[in-house]
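# What the coordinates show
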Amino acid sequence: MRVLFLGTPAFAVPSLEALAADPEIEVVAVITQPDRPAGRGRRLTPPPVKETAQRMGLPVRQFESIRANPEALELIRSTAPDVGVVVAFGQILPKEFFAAPPWGTLNVHASLLPAYRGAAPVVHALLNGDSITGVTIMRIDEGMDTGDILARREVPVPPDATAGELEELLAREGARLLVVTLRRYVSGELQPVPQDHAGATYAPRLPKEAARVDWSLGAWAVHNLIRAMNPRPGAFACFREQEVKLWRSVPPGAEQRAISSGRPGEVVGINREGVMVACGDGVLTLTELQLPGRKRVSGVEFANGVRLETGERFA
RNA sequence: CGCGGGGUGGAGCAGUCCGGUAGCUCGUUGGGCUCAUAACCCAAAGGUCGGAGGUUCAAAUCCUCCCCCCGCAA
C-alpha cells in the first residue's frame, strides 16, 4: 500500500514511524511545514517530522501552503498514493487534495471525536479534568475534524499527567490504531460512521493569557491548569513582582482540605513535598517551579532559594 | 547579529554597583533531646567563587575573550 504522509510536530512522529515500519506499507512521500525560526536566537529549525523522515530516508517536501501550491497536487500525481494520512499537519487541505487518493485521506486526532475538535484537544481534556480521553481515526472531509469515523480508542488519563506526557501516550496509541485501522479500511472491513455533530465540542488553541493561574479557583482546577500548560507555555503566577512558572503540582487529596486555608494564593505551608498554596477551595502543593532566567527547581529548592515564608502570596 | 537573566561548598540562593582574608536555607556526618520522628538542640566536614588572560599591594567583585544553562519572543 502506498501512503502519502502529512504531519509536523512530535505528535505525528510515532504514526510516521509505525507506517514506515509496516512491511506492507510504503511511505511514498512526507509533506511537512517549512522550517521555522525557533528557540533562542530564532534559528531556522526543521519540524520533528522532517527530521524523522530524513533519518528514515523518506522523501520530504515542505509547503508553506498546500492550497496555494500546484506542486502539492503534482506530487500526488507523481507518487500515486493509495491513501493519504494526516497527523497534526497544521494546514487545512483543499478537497481536491485530500480526495485525490483512491482511498481518500485519513486523520489521527487526539480525542474521542466528536469531542474536542480543533487544535488543542489534549489541553482541553486536561483543563476539564477528564479521566478518560482517547484517539480517533477518521476520514478527512472539508470541515474541521468533522469527518466520518473509522475507529476510536479510549485512553485513561493519569491524574498527574501533563499535556506533554498525555500527548505522548496518545501519539503512541494513535499510531498503533492507525496502522490496524488503515489495513482493515483498505480491505473493506470498515464502514466509516458519521459523527454525531450535535454532540461536538471544540478545543481551540489557547492564548498565553489562559495560562495565568487564578487562585480563587479550586485546587483541582489550578492543578489541571498547571499540567495542561506543561510543557507549553507553562502556567504562571506573580510572585514578588516576577512571573513564576508553575510546572508541577500534586493532585489534591483529601488531606489537603484538612489544612486551615488562607486567602487564595497565600503560602500556607512548606515541607519536603513542596510549597502549599491556598486556593479558592482547598490547598495545592506546588512541586516544580521556575523563576525567570532560572532553572526549574523543586518546591523545596525554590523555598530555600528565595527564603520563602508562610504568609507570602502568589498572585 | 531578536531582547534579557544566570553560572559561588552536594542542592537552591545572597554577596558583584561603592575591590580587602566567602555567607544563608536545605542536605550530609557526629553528638544530644524524645516513647518516637522527616520535628527540635549542639557540633563538624565540605568551596582554586564556570574557564583563560589582564588591571591592582589586593579580584567572587573591575576589563577582555571563551564555554555552559535559562526566561521572553517566534
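In the block above lies the structure referred to throughout.
Residues numbered from 1 in each chain as written. Chains lettered and ligands numbered in written order. Predicted model: local features only at pLDDT ≥ 70, side-chain atom pairs only at ≥ 80, totals over all residues. Heavy atoms only, no water.

### Considerations on the packing of aromatic side chains
As enumerated under the stated definition, the model contains 5 aromatic pairs in all. Site record: aromatic cluster; members linked through ring pairs are Trp-215, Phe-239, Phe-302 and Phe-314. We note Lys-208 situated over the ring of Phe-236; from NZ or CZ to the ring centre the distance is 4.8 Å. The ring of Trp-247 has Arg-296 sitting right over it, with the charged end atom 3.6 Å from the ring centre. (Phe/Tyr/Trp six-rings, centres within 6.5 Å; stacked < 30°, edge-to-face > 60°. Lys NZ or Arg CZ within 6 Å of the ring centre and 35° of its normal.)

### Some words on the sheet that holds strand S8 (residues 132-139)
Read across the open sheet, the 7 strands follow the order S5-S2-S1-S6-S7-S8-S9; overall the sheet is mixed. Of all strands in the sheet, those bounded by a partner on one side alone are strand S5 (60-62) and strand S9 (149-156). Strand after strand, the sheet turns through a mean of 20° between neighbouring axes, direction not considered. Pairing of strand S1 (residues 2-7) with strand S6 (residues 83-87) involves 5 bridges; the strand directions are parallel. (Pairing = 2+ DSSP bridges. Helix = DSSP H or I, 4+ residues; strand = E, 2+ residues; numbered from the N terminus. Axes fitted to C-alpha atoms, helices over the stretch in contact; angles between N-to-C directions.)

### Description of the protein's contact with RNA strand B
Lining the immediate environment of RNA strand B, one finds 19 residues, of which Lys-245, Arg-294, Glu-301, Asn-304 and Arg-307 sit closest. Protein-proximal atoms of RNA strand B, defined as those within 4 Å of the protein, fall in sugar or phosphate at a share of 60%. Between RNA strand B and the protein, one listed contact pairs a sugar or linking oxygen with a side-chain N or O atom of Glu-301 at 2.3 Å. Within the backbone of Gly-305, one N or O atom sits 2.8 Å away from a sugar or linking oxygen of RNA strand B. Listed by contribution, the elements that provide at least two residues to the surface near RNA strand B are strand S3 (36-38) and helix H9 (299-306). Class assignment of the residues belonging to the surface near RNA strand B gives a composition of 4 nonpolar, 6 polar and 9 charged. (Near = heavy atom within 4 Å. Polar contact = N/O pair within 3.5 Å; in protein donor to acceptor, adjacent residues only side chain to side chain. Nonpolar A, V, L, I, M, F, W, Y, C, P; charged D, E, K, R; others polar.)

### Here we look at the packing of helix H1 (residues 13-21) against helix H2 (residues 48-55)
The interhelical angle for the contact between H1 and H2, taken along N-to-C directions, is 20°, at an axis separation of 9 Å. Between H1 and H2, the angle is such that the two are roughly parallel. Crossing geometry of H1 relative to H2 is assigned as right-handed. On H2, the residues that touch Val-13, Leu-16 and Glu-17 of H1 are Pro-48, Val-49, Thr-52, Ala-53 and Arg-55. Each residue belonging to the contact of H1 with H2 can be placed in one class, and the counts come to 5 nonpolar, 1 polar and 2 charged. (Parallel < 35°, antiparallel > 145°, perpendicular 65-115°, else oblique. Left-handed = near helix turned anticlockwise from the far one by under 90°. Contact = heavy atoms within 4.5 Å.)

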